[in-house]
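# Close look at the chain arrangement
Chain by chain, the residues:
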Amino acid sequence: MTTNALTSKSSTSGRMGDKIFSGAALAAGILILVTLFAVAVFLLIQALPTFFADPAEVSGGQGFFTYIWPIVVGTVIAAAIALLIATPVGLGVALFISHFAPRKVAGPLGYVIDLLAAIPSVIYGAWGYMVLAPTLVPGFEWLSKNLGFIPLFEGPASQTGKTMLTAGIVLAVMVLPIITSLSREIFLQTPKLHEEAALALGATRWEMIKTAVIPFARPGIISAVMLGLGRALGETMAVALVLSTGNLIPSLIKTGNQTIAAEIALNFPEAFGLRLSELIAAGLVLFLITLLVNIIARGIISRHKEFSGAN
Amino acid sequence: MSATTTNPRHSTGGTPVPPARKRNSLAKGKLPKWAIWAVAAGAIIIGAAASTLTGFNIAAFAIYSAIIFLVAATIITTVVEGKRRGTNAMWTYLIYACFIVALIPLASVLYTVLEKGLPGINSHFLFSSMNGVTGAVDNQSVNDGAPVVGGAYHAVMGTLLITLWATLISVPVGMLTAVYLVEYGQGKTLSKAITFFVDVMTGIPSIVAGLFAAAFFGMILGPSARMGIVAAVALSVLMIPTVVRSTEEMLKIVPNELREASYALGVRRWRTILKVVVPTAISGIASGVTLAIARVIGETAPILVTAGIASQINMNVFANWMSTLPTFIYYQIMNPTSPTNVDPSVQRAWAAALLLILMVMALNLIARLVASIFAPKKGR
């Protein structure tokens, strides 16, 4: 590089600027990695006392595993109910918006569904507590009367309606927009030629969807459901408000069960010492579970990146 | 295109197209349009009758009618138009049903919040805190019919302050990261790792983010360190990935020609980014940031474990406990001020819920407007 006065002046100040700016950008990126790492490390450090404590001192008196197991199962049950409801309905709504609704209303309808996602979770919780739970009581009574022989619906049904099934339904409402918006994006990306080819061969609209849209979108659907699962596992307020907690029981329409997130939210404000460490350990378990689910979901998306619109 | 595909009937001669026959062979075996409406009407009538048998209520009526309609419409279409069209009809109606089912909770939530929240919204609620409001005060207002006292001013302030601090932390970090990913890190292993972990971070449960901030500050400041800034850190853990993703998307669609033109004029890279790339994408970035704020402003769980709960006004995020609107709602419902007369607390909770929904909706609307009004021109 030739060194005359002009270039040397601009290159010293400019090079510094470049270095500082790219350094700042790099630092911000690394900060994110460090933060995620720190989340894991700090939770682990604060949780350690629980793992080494005398089993008799941990809540329940039989060690951490006995304490955490029922609420892990409760978390999974709540998330499973949510997904069982939200997956078919969410995919239906996504198909409705992408392939059934008239073009003109499809956009606004998508926006309406996105509004569902914008409503804060505590409001869903309050709604579940005050509106949905009392509304569902007759339904629970009917279930316990007619299907009571199945352990899932064993009576007597809760008179307040604050049960696992109610919590699962509220969670379903909350994960529905996630599943819908992700799978809608993917349905819209189906190659038009595939769809038109199917229609040209005489397929009905449903046959076109079955043969052209669904196979194309399958990895996207799976990852959308997994991301919904991640949300349902970690959702706190809906469960904390709606579920009246208790021991792990198979019946979904009786008072009982608990999830990790709600356990933390309900007990953390008053916790100290070993109890605090227990709750943080529970948080660590939740973190690991959702991390696993999300990594699997993201892995599926990135493996099919060329098709999926989720990225 | 249009020249080659003009209707041959028009191009061959001047003879007008003969009017369509009433029922040609192509339309044979098709259900007339009114038939579906007839089936729907029948289903509603039979559904009403069936639901009165088991004790009438709206839900049973709707469910019975829907099932009867679905079955009847499928059978009729199958009989008249064949099995394939019958299946098609069944799935079509099922998908319509899914959409209606999804709208019910949305309508119900919005209706409930409006119905129960509106009576509680007044200037007293908006501009006073819960300081000095005890169970006795609430009992009195229920027994004597006096207006409900106590408001959410402290919670509104807490929400705004904590969200502001969270934004101040996450916007620079998030934007710089996105700049790194798009401008500096193309194809590098580190940028791939960051992209992956940002995606993973999107899925962190909010309560875990809260626990992290609580554990982090707990180790530095002692186990009971609860104040606004801890909550702001917790919220920024949730907010950063959203900011990174939206900024990244926006920076990616800035056309490369702009960058090259700037480089050709001898402008340094950092000045190109600051003066050319970011301004081009700023509307999209702004709307993404607004959506991220809308997402964290309603978070409850992380605030619960990091900022505690307060009943008086606290404008200092660096000391003492703070309330936000979501935690205010939560505690008014879970631990009513007066355990024997919960109505005033419930009224305050719903009024706060209405306030919170209005805030979130306004933010969403602003984001949409910003994005659509100042939309950047795409490269292609």
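Note that the structure is a prediction, hence the values are computed from the model and not measured.

### Observations concerning the overall build of chain B
When you go through chain B residue by residue, the secondary structure sums to 15 helices and 0 strands. The C-alpha radius of gyration computed for chain B amounts to 30 Å, which surpasses the reference 21 Å derived for 380 residues by more than 25%, pointing to a less compact arrangement than a globule. When the backbone C-alpha atoms are referred to their principal axes, chain B occupies close to 85 × 75 × 35 Å. Residues classed as buried in chain B amount to 47% of the 380 residues present. Summarising the internal contacts of chain B: among those between residues at least 6 apart in sequence, 76% fall at separations of at least 24. With an accessible surface of roughly 18,900 Å², chain B has 68% of that area assigned to carbon and sulfur atoms. Of the side chains in chain B, 27 bear a positive and 12 a negative charge, and the two mean positions are spaced by 16 Å.

### Some remarks on the interface of chain A and chain B
Each partner contributes residues to the interface: chain A has 80 residues there, and chain B has 82 residues. Taking both partners together, chain A and chain B bury about 7,200 Å²; carbon and sulfur atoms supply 80% of that area. In terms of surface lost to chain B, no three residues of chain A exceed F21, I32 and W206 of chain A, which account for 10% of the buried area on that side. With a shortest N-O distance of 3.8 Å, R268 of chain B and D18 of chain A are connected by a salt bridge. Applying the counting criterion to the chain A and chain B interface returns 8 residue pairs in polar contact (both at pLDDT 80 or more). Its residues placed into classes, the side of chain A that touches chain B shows 56 nonpolar, 18 polar and 6 charged.

### Notes on the packing of aromatic side chains
Evaluation of the coordinates by the stated rule reveals 16 aromatic pairs over all chains. Taking the centre distance of 5.9 Å and the plane angle of 20 degrees together, the rings of F65 of chain A and W69 of chain A count as stacked. Here W69 of chain A and F65 of chain A lie together in helix 2 (residues 63–100), a separation of 4 residues that amounts to about one turn. Its relative accessible area of 60% is what places F65 of chain A among the exposed residues. Of the residues examined, W69 of chain A reaches a relative accessible area of 47% and is grouped as partly exposed. Here the aromatic rings of W165 of chain B and F318 of chain B are separated by 5.2 Å at their centres, their planes lie at 80 degrees, and the arrangement is edge-to-face. Of this pair, W165 of chain B sits in helix 7 (residues 153–184) while F318 of chain B sits in the loop between helix 13 (301–306) and helix 14 (325–334), placing them 153 residues apart in sequence. A relative accessible area of 28% places W165 of chain B in the partly exposed class. Taken together, the ring pairs in this structure connect F42 of chain A together with F212, F216 and F217 of chain B into an aromatic cluster. The positively charged end of R271 of chain B is found above the aromatic ring belonging to W270 of chain B, 5.9 Å away from the centroid.

### Digging into the packing of helix 11 (residues 256–264) of chain B against helix 12 (residues 269–297) of chain B
Residue and element names in this part refer to chain B. Between helix 11 and helix 12, the least distance of the axes is 10 Å, while the angle of their chain directions is 145 degrees. Considering the relative orientation of helix 11 and helix 12, their crossing is right-handed. In contact with L258, R259, S262 and Y263 of helix 11, helix 12 contributes R269, T272, V276, V277 and T280. Considering only residue class, the contact of helix 11 with helix 12 consists of 4 nonpolar, 3 polar and 2 charged.

### Some words on the nonpolar core
Residues I123, Y124 and F268 of chain A together with I207, L251 and L325 of chain B are the most contacted members of the largest nonpolar core, which totals 197 residues. Not counting the four nearest positions on each side in its chain, L325 of chain B is found in contact with A152, A155, V156, T159, A352, L355, L356 and M359 of chain B. With 8 residues, the next largest nonpolar core counts L31, V39, A40 and F69 of chain B among its residues.

### Points about the domain arrangement of chain B
Residue and element names in this part refer to chain B. Considered domain by domain, chain B is made up of domain 1 (31–118) and domain 2 (153–373). In this structure, domain 1 and domain 2 have C-alpha centres spaced 41 Å apart. In this complex, domain 1 contributes 7 residues to the contact, which on the side of domain 2 involves 6 residues. Taken over both partners, the interface formed by domain 1 and domain 2 buries close to 570 Å², and the fraction arising from carbon and sulfur atoms is 87%. It is V113, K116 and G117 in domain 1 that bury the most area against domain 2; as a group they hold 68% of the surface buried on that side. Applying the counting rule to domain 1 against domain 2 returns 0 salt bridges. Summed over the shared surface of domain 1 and domain 2, the number is 0 residue pairs in polar contact (both at pLDDT 80 or more). Split into classes, the residues belonging to the side of domain 1 that touches domain 2 amount to 4 nonpolar, 2 polar and 1 charged.

Quick notes on the rules
Residues numbered from 1 in each chain as written. Chains lettered and ligands numbered in written order. Predicted model: local features only at pLDDT ≥ 70, side-chain atom pairs only at ≥ 80, totals over all residues. Heavy atoms only, no water. Helix = DSSP H or I, 4+ residues; strand = E, 2+ residues; numbered from the N terminus. Rg over C-alpha atoms; globule rule 2.2 N^0.38 Å. Buried < 20%, exposed > 50% of the residue type's maximum accessible area, 1.4 Å probe, protein only. Contact = heavy atoms within 4.5 Å. Areas by Shrake-Rupley, 256 points an atom, 1.4 Å probe, with all protein chains shown as cover. Lys, Arg positive; Asp, Glu negative; His and termini not counted. Charge placed at Lys NZ, Arg CZ, Asp CG, Glu CD. Buried area = accessible area lost by both parts, 1.4 Å probe. Salt bridge = Lys/Arg side-chain N within 4 Å of Asp/Glu carboxyl O. Polar contact = N/O pair within 3.5 Å; in protein donor to acceptor, adjacent residues only side chain to side chain. Nonpolar A, V, L, I, M, F, W, Y, C, P; charged D, E, K, R; others polar. Phe/Tyr/Trp six-rings, centres within 6.5 Å; stacked < 30°, edge-to-face > 60°. Lys NZ or Arg CZ within 6 Å of the ring centre and 35° of its normal. Axes fitted to C-alpha atoms, helices over the stretch in contact; angles between N-to-C directions. Left-handed = near helix turned anticlockwise from the far one by under 90°. Core = buried A, V, L, I, M, F, W, Y, C linked by side-chain atoms within 4.5 Å. Domains from an automatic or database assignment.

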